[in-house]
Every structure is written in structure tokens, then in C-alpha cells.
Number of protein chains: 2
Amino acid sequence: MKMSKLVSKTRKEAPKDETSRNAQLLIRAGFIHKEMAGVYSLLPLGVKVFDKIKKIIKEEIEAVDGVEISMTALQNPEIWKASDRWDDEKVDNWFKTKLKNDADLGLGFTHEESITNMLKDHVNSYKDLPLYVYQFQTKFRNELRSKSGILRGREFLMKDLYSFCKTEEEQLKYYDLVADAYRKIFQRVGLGEKTHYTFASGGSFSKFSHEFQTETEAGEDTIYLDTKKKIAINKELFEDEENIKAAGLEKKDLVEKRTVEVGNIFNLGQKYAEAEGLKFKDVEGKEQFPFMGSYGIGVGRLIGTIVEVLSDEKGIVWPKEISPFDVHLVILQNDESVIEEAQKIYEGLKANGIEVLFDDRDISAGEKFKDVDLIGIPKSVVVSKRSIEEGNFEVKDRKTGEMTQKPFFDIVEGDFTI
Amino acid sequence: MKMSKLVSKTRKEAPKDETSRNAQLLIRAGFIHKEMAGVYSLLPLGVKVFDKIKKIIKEEIEAVDGVEISMTALQNPEIWKASDRWDDEKVDNWFKTKLKNDADLGLGFTHEESITNMLKDHVNSYKDLPLYVYQFQTKFRNELRSKSGILRGREFLMKDLYSFCKTEEEQLKYYDLVADAYRKIFQRVGLGEKTHYTFASGGSFSKFSHEFQTETEAGEDTIYLDTKKKIAINKELFEDEENIKAAGLEKKDLVEKRTVEVGNIFNLGQKYAEAEGLKFKDVEGKEQFPFMGSYGIGVGRLIGTIVEVLSDEKGIVWPKEISPFDVHLVILQNDESVIEEAQKIYEGLKANGIEVLFDDRDISAGEKFKDVDLIGIPKSVVVSKRSIEEGNFEVKDRKTGEMTQKPFFDIVEGDFTI
């Protein structure tokens, strides 16, 4: 894509009311637009990163048999009253609205109730279970404060997966499968080393749930990490020595870390099935409530975390798999001959399946290089009069700053690690 | 995909409160779930059809240089007050909600104001124009009544495209390009013959806008069609003979048709740019307001229209390009040998890039054939003991009912028109 067609412009300053580093960088680099605190639109660069993350999540969730559905934001109060989560005293971050006839509606902050209610039309027998459904869907959460950029949105895209199993054993087995799928996801988006499987409270239906917590000073959470076992316990559980033991940890091995929760997984038991009346007939024809699990990853929060963890003083540093483009192509002089050569490289790379952002703007080389660093595409290729004469082009690695010289044909064939 | 993993079940009856044929069929066949009037979730089959339609729209909109963005549902009242569209007296289908501090928010029913406001950060010069941005985004419209299934949703996915041009001439040229892109879209989804370019009121900034109106008794609109010119005029304009002439039509050539509006395109002049204060510097450095156009297709409404127009008494009939699967594979007897042969065909088709829904359920052949007709995949392949013996398999066309016999290898290689 040519930068002249990109719609967004980079900028030197983020809006004054934006205090989070993730949103500051993403706004300055032209990935997102701030509508209000906690509410961000996506510019074309942002759409590209979201699409890449969604693709990774989709692949890993479908590898554990997740089937895609899409539920609605508008929520009927009745199904939430059934589980006692309608009242604002019980759930303090509802956005609510009204139909013309004055009937109340909610905007979904999660979808356990909706999916359980929906499945009453589709689950009758043990033959229908287990089943696993997931969606990428916009959640609305009426946060009192929202100062962490896209780490805590009032409106945000979430991948939520729900499992329904015949027995608790079947559910627990699937829970571990999803934990593994999550590990793969965080690995692929570049957060593997800094993301820790963390014991958290299980609520009323199971002893523990688990969070995936990523180390960053921008996080709002605190965990206690056993760096050898690579397992952590969250702050709430850490208070009680019993919990530390039950998690198989010892207090003396634990180090305090500031983190952000990038994923969570819950065993929900039969709570929602009972509340909504979702039953199946077992092999003997007896009615049973299925065992349920729910598993969430906030897509925006994940991207915000990647920006917090991987950026440097010059700008964003995207990991290869989620970068909006593979290569940032820059011309040093805005001359006919240089543009022509760059155009050939652009076409050659595209023909080899490499996604290129081609800076064809009529601005100074210095400004272009600043934008290369700010936008954070892993590799850049510089075309100049000299490089054309010498037949060698500069390839720069955004992360390491390392420069290598590559001949024209290696470049157009994408013959460099991207 | 195996039907045992499809999550949804077909059903004989739609919910009693569902009176529209499109939603009745889509619910019975397991594509959608009714949350409440005008609010429908998507089951896996529904997600597949939505994805295929989105792919077609994306291809045609990107072919006219549309660049994808994604704006938010939550709307800041200020930008709507600027254009005088915040007041419920002015716009009667807002859903509104509140932040914790009691500040009002809207849920976007369209996005002219948001995109115009956003571009103030990204448009400065004539060099930045023209630009074309589009999104697939959920709109919320607080309809007083919602009885037409997915033809008129209170929450629905819309493709909206916005253009910003330097001059009126540039804008009018792009308007015609989008009209052509829309014709291609309606052609590809199977509605080409029944969809008519229709003159509609242009509002205060241009004489006409245009609607794409599809003939169906389920529609809420009336148009007057010149069947030779293949151009129509809507009811509002038809009242005034002047308009008919201005549209290049003659009253005596016009036939009344019941229709549903599947797309619309507007020239908006400088109205929103003026309201929001979006300016650019022209070649002479003088500040100007850009000319704007907006172009919408409701994805759910489009699917509902396809179901209304193309279904028959047995169920849905999907056009090839948007069917959730290419082939519905059915086994006549639930025998080991038949299942094994069907499995080979299943794998063979998949290996040849053909998407297959394999009915592996342990139910009667009669029930399976009913579901083949209800779900509406263009081709079905039947595997039976006899077909295995004879080495010939029955391929049935959902639309025409035509049966052809094909040998095993032709089938697994997908060597039949799908």
C-alpha cells in the first residue's frame, strides 16, 4: 500500500488528555483515533493489526475445535435476571438503554447468559456435547475511569469462547487444552516470555480460575511469580498462605511483578446452565445440566500490551506475525529514477506475497525515517541514488537497528528474513 | 464440517412471534437465533454466510479504492449536536445510554459525523484527497416496530463507505463508480436481475440520491420501474411529475413494484464537513470544505432479501458464491461401509478446496433430505450401498432438483459445477 493512500497521518504529539503510552504511540503512529476516554476507532493500520491478531486467535481456537458464532450487543434483561446479574448492585459496569416502549435493554459486557440461553434450542442429548463456540464481539463496559488507553476500554473487541461438557472431567480436560491454546497465542504475538499462567480465585463454583498475566509497568495488576516453575498467583490469592500451597507454590520462591491480564479462563460448573435451564439427556435418558467453561482474550488489550512491552523510545516495534505490513519501503530522494526503481521493488515484493508499505510522500528523508521507527514495521528497505548505482539496497531491522546490504533480486524475491 | 459439530439444529417450527419468512427460514435452518424482535445472533452457518457476503463486498469496495477502518458504536453527543442530529425530535431512532458520571452517549445509527470529525486529524491538504474509507460495523436503530426479521434490525451489521473529494465534480464521478460497484455486488449475491437503480430524494444538498431496490413481496417500499430502461423512481418522488421527468422517465412507462431497499448512495455536499469543521488547503492555499458521499449496504438485510427472493416452499436456495458450504454430503444408510466411502469423498472434496457439510448424524434418510432442502446448499451428493456398488453417486442440484450420476473420482475431484 502506498502511504499517500493510507488515510492516517503520523503526528508528533498525542492528544493532551491521553496519558497512556500504548494509546499515545498508537495515535501518533496513526493506528487508532480517540473518540473519548476508553473508546477508540481503528484507522487502516489498526484494522490490519486487528485482522492479524484475529487470524492467530482464530487458528488456535479452531485447533481446539472452537466453532465461530456471533452474538448481539443488545441484551434482554430476563436472561440476566435469571442468573442474578442484571441489577447494577450486582454488576457495576452495565451500559443500559431503552426501547421506544420504555423496556430496558443491556449492552453485553460478557455473554455467558446469552450463549447458555441460545443453546436451549440446540442441545437436547449427550450426543450434542461437548460443544465449543467462540466469537469476536464488541463488549461494552461502563468503567468509572478509563485511563489506560486500549488496555481498559469502555467498548472493545473480545474473543470469547464457551465450552459445554457432559461431565466435570470432560470440562477440566478441555480447560487445559484451552490453556495450551492461549500459550500458543501469546507466543505467536510476541508476549510468550513475559506472560505467566496465574492462579486466580475460581468464584463460587471452582477453587481456582486462571489468568494470563503479562509483565509491564503499565499493568494494573500485581502477581507473585515463581520464575523457575513459570507459574504465578495473583494478589488476591497471595494474601492467604493456604492458596499458595494449593497452587503448588511456596511463598519464598515468589517475586512480585506488575502485570496486565491478557487472558482468563474459568470453570463455571453448572451455574449458568441451572440459571437459564439448559439441560441434556444423558446416556440413560436422565436430565443433566452441562458443565461450562468460559475463556476470554480482549483483542484491543492484547495489542495495547504488545505496544507497552515491545516498543522503544522511537516508537512501536511489531512482532513479525502481527505487523500491519512486512516491509516499509522508503525512497531517499524524491527523484524520478529513484521512484521508478522503488516502484519495481514494490511490485516485486508484492508479487512474492510480501506486504509492503511504500512511502511515496513528497517529504524529507528524515521525516520518513522517523515514521519508519514510529510505525514499527519489522524491516525497512531504503532506495537511494547510490543504492541504485551500487545495485545494493539497505535493509534495516527495526528491533535491532542492524543494517544489511542486499542486491535488487534478493530484495524483490523477499530473500531476507521478514 | 460434520453436522454433528455444527452446534445448530434444524427445527420444524420457527418461534410463534416470528412472522417474517426470512427469519422463519433462517431460524428453522439453524443460521440465526432470535434474541428479541429485530435482534438476531448468528449461529455457525450464519457466520459463514455473513463472511462470504463480506468478502464479496470487500472485494468490490476495495476495487474502487475503499480503505477499511472501524469506528465505534459509542458516540459523543457533541459531534452530533454540531450537525443537529442529536435531538430525538430530529432523529427518532437513537439508542442512548449514559456514562457513570451521567454524561449522555449515543449508539451510532450511522457514522457521517464520526468519520468527518476523525478526519480533522488526518486531512490538511488537497494532496490528502480524494479519500475513501469503509467499514463493516454494527449499527443500532431504535425502531418502533421490528416485524420484518433481518430486513429491519434494531442491531445490524452495515457496510458503510464514505468519500471525501476536493470538488463536486470529483465526488459525482466517484458516486457513479460506487453505483457500478454496487451493481456488481448485487449481481454476485444473486439479486442482479431483481434489483433496480432507483431515484430517491437527495435531501437538502443534492436533487437526487439513489437506492438499490430489490423486488419482493416482503419489502416495505414501493417503486415505479421502467422495465426497459431498468431504472426506477421511489414513491416519494413519484408523487411529483417534475421529478419523474428530471429522472429521465415517463409516467406511462412505469410499473409499480413492491421492494426492499438493499443499498443506498448519497451525495452529501459539504454539509457534514461544514458542521464538523473539516477543511483542506487547495492548490492555492485557500481553505475549502471537501465534498462528501456516503454509501450503505445492510449485510443482514441483504441476506434476508436473498432468502425472501430465492427460497422455495422447501427451504432456502443459496446462490453459489454465498452458500455456507459448496456441497452437502449425505449418507443413505448409517452403515460402516457407507460411512467409510462417504468419508473418502469428504476428504477428497476438501483436498480439492471444496467446502463440504457432511451429514454424519444417526437419523433417518428422510430427515436428512428435508434438511438438505431447508439449509439450501447448491449441490448435494448422496452415498448409498447401491451407489457404492455401481460406482456412481447422485449429485442433486438444490435449485432445479436435477439429478446427475457421477463416478467416485469425478466427485472427489469436484468435477461437477458447484
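These figures come from a predicted structure and were not determined experimentally.

Parameters and conventions
- Residues numbered from 1 in each chain as written.
- Chains lettered and ligands numbered in written order.
- Predicted model: local features only at pLDDT ≥ 70, side-chain atom pairs only at ≥ 80, totals over all residues.
- Helix = DSSP H or I, 4+ residues; strand = E, 2+ residues; numbered from the N terminus.
- Contact = placed C-beta atoms within 7 Å.
- Pairing = 2+ DSSP bridges.
- Buried ≥ 20, exposed ≤ 12 C-beta atoms within 10 Å, placed from the backbone.
- Core = buried A, V, L, I, M, F, W, Y, C linked by C-beta atoms within 7 Å.
- Domains from an automatic or database assignment.
- Nonpolar A, V, L, I, M, F, W, Y, C, P; charged D, E, K, R; others polar.
- Least-squares fit on C-alpha atoms with pLDDT ≥ 70 in both.
- Axes fitted to C-alpha atoms, helices over the stretch in contact; angles between N-to-C directions.
- Parallel < 35°, antiparallel > 145°, perpendicular 65-115°, else oblique.
- pLDDT = per-residue confidence, 0-100.
- Right-handed = clockwise from strand over helix to strand, strands pointing away.

Draft legend 1. View of the overall build of chain A. In terms of helices and strands, chain A carries 13 helices and 21 strands. Taken along its principal axes, the extent of the C-alpha atoms in chain A is 80 × 60 × 45 Å. Nonlocal contacts in chain A, meaning residues at least 24 apart in sequence, comprise 69% of its contacts between residues at least 6 apart.

Draft legend 2. Representation of the sheet that holds strand β6 (residues 104–107) of chain B. All names here are of chain B. Read across the open sheet, the three strands follow the order β4-β6-β5; overall the sheet is antiparallel. The open sheet terminates on both sides in strands that have one partner only, identified here as β4 (74–75) and β5 (95–98). Two strands pair when backbone bridges link them, and β4 and β6 are joined in this way by two bridges, in the antiparallel orientation. Its bridge partner lying in β6, Q75 is registered against G106.

Draft legend 3. How the structure looks around helix α11 (residues 365–375) of chain A. Buried residues of α11(A): A:D371, A:V372, A:D373 and A:I375, and no others. Contacts made by the buried residues of α11(A) are with β17 (327–331) and β19 (379–383) of chain A.

Draft legend 4. Quick peek at the nonpolar core. By size, the foremost hydrophobic cluster in this structure holds 206 residues, and its most contacted members are A:L329 and B:L329. Setting aside anything within four residues of it in sequence, one finds B:L329 in contact with B:A342, B:I345, B:Y346, B:V356, B:L357, B:F358, B:D359 and B:V381.

Draft legend 5. Representation of the domain arrangement of chain A in the model. Residue and element names in this part refer to chain A. Domain assignment breaks chain A into domain 1 (3–310) and domain 2 (325–412). Distance between the C-alpha centres of domain 1 and domain 2: 39 Å. With five residues of domain 1 in contact, the opposing surface of domain 2 contributes eight residues. Along the lines of polarity and charge, the residues of the side of domain 1 that touches domain 2 split into two nonpolar, two polar and one charged.

Draft legend 6. Expanded view of the interface of chain B and chain A. Chain B puts 38 residues into the contact, and the matching count from chain A is 38 residues. If you list the elements that add at least two residues to the side of chain B that touches chain A, you get β1 (32–36), β2 (39–42), α2 (44–63), β3 (67–68), β5 and β7 (131–140) of chain B. A class-by-class count of the residues in the side of chain B that touches chain A yields 19 nonpolar, 10 polar and nine charged.

Draft legend 7. Representation of the relation of the copies chain B and chain A within the structure. Screw-axis analysis of chain B against chain A gives a translation of 0.0 Å along the axis, an RMSD of 0.0 Å, and a rotation angle of 180°. As the rotation angle and translation indicate, the two copies are arranged about a two-fold axis. Measuring from the rotation axis to each C-alpha of chain B, the shortest distance belongs to B:T97, at 2.6 Å. Mapped onto chain A, 100% of the interface residues of chain B again fall at the interface, so both copies present the same surface.

Draft legend 8. The environment of A:F358, seen in detail. Residues and elements named next belong to chain A. Note that F358 resides in strand β18 (residues 356–359). As for F358 and I331, which are separated by 27 residues in sequence, their C-alpha atoms are 8.6 Å apart. Apart from the residues lying within four places of it in its own chain, the contact partners of F358 are K2, M3, L329, A342 and Y346.

Draft legend 9. Geometry of the sheet that holds strand β21 (residues 403–407) of chain B. Residue and element names in this part refer to chain B. The strand order across the open sheet built from five strands is β18-β17-β19-β20-β21, with neighbouring strands paired in mixed fashion. The two strands at the open ends of the sheet, each matched to only one other strand, are β18 (356–359) and β21. Averaged over all adjacent pairs, the angle separating strand axes in this sheet is 25°, with direction ignored. Of the pairings in the sheet, the one linking strand β17 (residues 327–331) to strand β19 (residues 379–383) comprises five bridges and is parallel in character. Paired with H328 across the strands is S380, a residue of β19. Here helix α11 (residues 365–375) sits on the sheet and contacts β17, β18 and β19; the angle it forms with β17, its principal contact strand, is near 175°.

Draft legend 10. Expanded view of the packing of helix α1 (residues 21–28) of chain B against helix α9 (residues 299–310) of chain B. All names here are of chain B. Viewed as axis vectors pointing N to C, α1 and α9 meet at an angle of 95°, and their least axial separation amounts to 9 Å. By the criterion of interaxial angle, the relationship of α1 to α9 is roughly perpendicular. From α1, R21, N22, L25 and L26 reach across to α9, where they touch G304, V307 and E308. Class assignment for the residues of the contact of α1 with α9 results in three nonpolar, two polar and two charged.

Draft legend 11. The confidence of the model for chain A, seen in detail. Mean pLDDT for chain A: 96, with 100% of residues reaching 70 or above. Two numbers describe this predicted complex: its pTM, 0.97, and its ipTM, 0.96.

Draft legend 12. Expanded view of the pairing of β17(A). All names here are of chain A. With respect to burial, β17 is a largely interior element, five of its five residues being buried. A two-sided burial pattern is seen for β17, the buried positions comprising V327, L329 and I331 on one face and H328 and V330 on the other. You can see the chain leave β17, run along helix α10 (residues 336–351) and come back into β18, and the turn it takes is right-handed.

Draft legend 13. Representation of the pairing of strand β13 (residues 254–269) of chain B in the model. Residue and element names in this part refer to chain B. In the sheet, strand β10 (residues 208–215) pairs with β13 via six bridges, with the strands oriented antiparallel. Each bridged residue has a counterpart across the sheet, and for T214 the counterpart in β13 is V260. Two elements, strand β11 (residues 221–226) and β13, share six bridges in a ladder whose sense is antiparallel. Residue pairing in the sheet places T222 in a bridge with R258 of β13. Bridge analysis of β13 against strand β16 (residues 291–298) gives five bridges, and the strand direction is antiparallel.

Draft legend 14. Examining the packing of helix α2 (residues 44–63) of chain A against helix α9 (residues 299–310) of chain A more closely. Residue and element names in this part refer to chain A. At a minimum axis distance of 10 Å, the contact between α2 and α9 shows a crossing angle of 110°. Of the possible angle classes, the one that applies to α2 and α9 is roughly perpendicular. Contacts from V49, F50, I53 and K54 in α2 reach V299, L302 and I303 in α9. Its residues assigned to classes, the contact of α2 with α9 comprises six nonpolar, no polar and one charged.

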